[in-house]
Amino acid sequence: MLRQPHYRKVLLSSAVLGIPVSFLAFWFLVGLHELQRLVWEDWPRHLGHAQPPWWWPIPLLAVAGLVVGLVVTRFPGGGGHIPASGLHSGGATAAAVPGVVVAAVASLPLGAVLGPEAPLIAFGGGIALVFRNLVRASPTPSSNVMLGAAGSAAAIATIFGNPLVAAVLLMEVAGVGGPQLFAVMLPALLSSGVGDIVFTGFGRWTGLKTGGLDIGLPRPSALDVGDVVWAVLMGLVVGIVVHWIVVGGRHAAVLVSRSPLRNTVACAVAAGVCVAAYALLTGRSPAEAALSGQSTLPQLASDPHAWPVTALVAVLVLKSLAYALSLGSLRGGPIFPALFLGGACGVLVAPLPGFGLVPAMAAGMAASCAAAMRLPVSTVVLVVLLLGNAGTVPVVVLAAVVAFVTTELLPQGPDIPLFGRAGDGEPAAAPDVRPPAR
């Protein structure tokens, strides 16, 4: 393939396009972050509140629902993929970019329990095609797919801060290799995780060395049997719970499709009520139950004792409900809320006998993310790099694989379109290029 001039031209174009796409994606994320800080920190302070009052998320999410409902009904592309349908790499068009941006700006800073990764995938792919059109390059079906994927990868790398995560995520989202990829990949992933446990155990018990690669970085305390057993159980339980949250989101999406404007507002307001209920019951900031959890997760990990058990239970229940409603009605991605819910669950169960905080959070995040995304390899890469802790790799692998297999065996809920509305001259739903349900 590298000998074909057409492919080499696409490869060069992808390298060049990575510069403007990453630049625009960076400022897109900066804008979302600054808006979120303005709405949830500056405005309450200017009104004399130390933190947002308990009712704060209800009017904000009502506005978000109204704007997203208008985007869905009037903009080409319907504001991007419906989050409950999962992550997708297909369907990015230049005409859909304005709707994607408006829907994301209305959803994410105003309290939607969603992350920025799905808008970034659509934004990056669409912007890549915009630049392709500006230089008047001849479009072909294959170049559209490759340039769209390259633009999406460049954009998504800005949020994860790592090109490896972006490349693996886009490869798995696109379903390269079809069902055969999962048929080979899943046993290999599981076997390697078990192998690492056995290898670590024998090295610890015998004290013998194998001459493996070791560059001298400090290694955390070795995992024990309790960590492994609890990680498998967390993969099962968390996988089931997060799966039904996503199924709830699919039901919400079906409800929204019957009356996009009215029901989008209704679901958004219901999500706001859940967030307000958390603040009212706990006396804590509603921002903890709203938004993606991207900024709250590091606080939780660094000081878990600042969260009483009642607050952890309340945030798990009420943020999960708001997450399901957001998945079916607003615009954003499923990854960061899933990571937060898994991390919070890990903090809650870490005191179990034989468990620890780090492996508990690692297993919870892996199980929750795998159940929400249905992308086990991307989940393992993302969680391991996020934690920066090589010692947790075995529990991350086991929890991710158990959660993924569990969710695949459960009822999947109603079918929903990938988009809320077709744009002018666009199909009602772009083809799902991922492998079919396994």
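Student: I'd like a description of the overall build of the chain, backed by residues and values.
Tutor: When its secondary structure is counted, the chain shows 15 helices and 0 strands. Among the 438 residues that make up the chain, the fraction classed as buried is 52%. Counting only contacts in the chain whose residues sit at least 6 apart along the sequence, the fraction spanning at least 24 positions is 80%.

Student: Outline the packing of aromatic side chains, listing residues and values.
Tutor: In the structure shown here, the tally under the stated rule is 6 aromatic pairs. Pairing Phe28 with Phe123 gives two aromatic rings, centres 5.0 Å apart and planes at 15°, and the pair type is stacked. One end of the pair, Phe28, is in helix H1 (residues 5–46); the other, Phe123, is in helix H4 (residues 117–134), and 95 residues separate them in sequence. When sorted by exposure, Phe28 lands in the same class as Phe123, which is buried. Site record: aromatic cluster; members linked through ring pairs are Phe23, Phe26 and Trp27. Positioned over the ring face of Trp307 is Arg284, at 4.5 Å from the centre of the ring.

Student: Could you give an account of the environment of Ile19, naming the residues involved and the relevant values?
Tutor: Examined against the element boundaries, Ile19 turns out to sit in helix H1. With 136 residues separating them along the chain, Ile19 and Ala155 place their C-alpha atoms 9.9 Å apart.

Student: Describe the pattern of salt bridges, naming the residues involved and giving the relevant values.
Tutor: A side chain of one charge can pair with a side chain of the opposite charge if their charged atoms are brought near each other. Across all of its chains, the model carries 5 salt bridges by this definition. Among the salt bridges present, the one from Arg37 reaches Glu34, with a minimum N-O distance of 2.6 Å. Of this pair, Arg37 and Glu34 both sit in helix H1, 3 residues apart, which is roughly one turn of that helix. Judged by relative accessible area, Arg37 falls into the partly exposed class, the value being 32%. Relative accessible area serves as the criterion here: at 34%, Glu34 is assigned to the partly exposed category. For the salt bridge of Asp42 with Arg45, the shortest nitrogen-to-oxygen distance reads 3.2 Å. Of this pair, Asp42 and Arg45 both sit in helix H1, 3 residues apart, which is roughly one turn of the helix. Each of Glu34, Arg37, Asp42 and Arg45 takes part in salt bridges that share partners, so that together they form one network.

Student: Lay out the side chain of Thr296 in plain terms, naming residues and giving numbers.
Tutor: On the secondary structure map, Thr296 appears in helix H10 (residues 296–302). Residues contacting Thr296, with those up to four places away along its chain left out, are Ala287, Glu288, Trp307 and Phe340.

Student: Could you give an account of the confidence of the model for the chain, naming the residues involved and the relevant values?
Tutor: For the chain, the mean per-residue pLDDT works out to 81, and 74% of the residues sit at or above 70. Considering only residues more than four positions removed or in separate chains, one finds that residues 202–206, a stretch of pLDDT under 50, has 5 contacts. pLDDT under 50 marks residues 208–220. Its contacts with residues more than four places away, or in other chains, come to 6 contacts.

Conventions we followed
Residues numbered from 1 in each chain as written. Predicted model: local features only at pLDDT ≥ 70, side-chain atom pairs only at ≥ 80, totals over all residues. Heavy atoms only, no water. Helix = DSSP H or I, 4+ residues; strand = E, 2+ residues; numbered from the N terminus. Buried < 20%, exposed > 50% of the residue type's maximum accessible area, 1.4 Å probe, protein only. Contact = heavy atoms within 4.5 Å. Phe/Tyr/Trp six-rings, centres within 6.5 Å; stacked < 30°, edge-to-face > 60°. Lys NZ or Arg CZ within 6 Å of the ring centre and 35° of its normal. Salt bridge = Lys/Arg side-chain N within 4 Å of Asp/Glu carboxyl O. pLDDT = per-residue confidence, 0-100.

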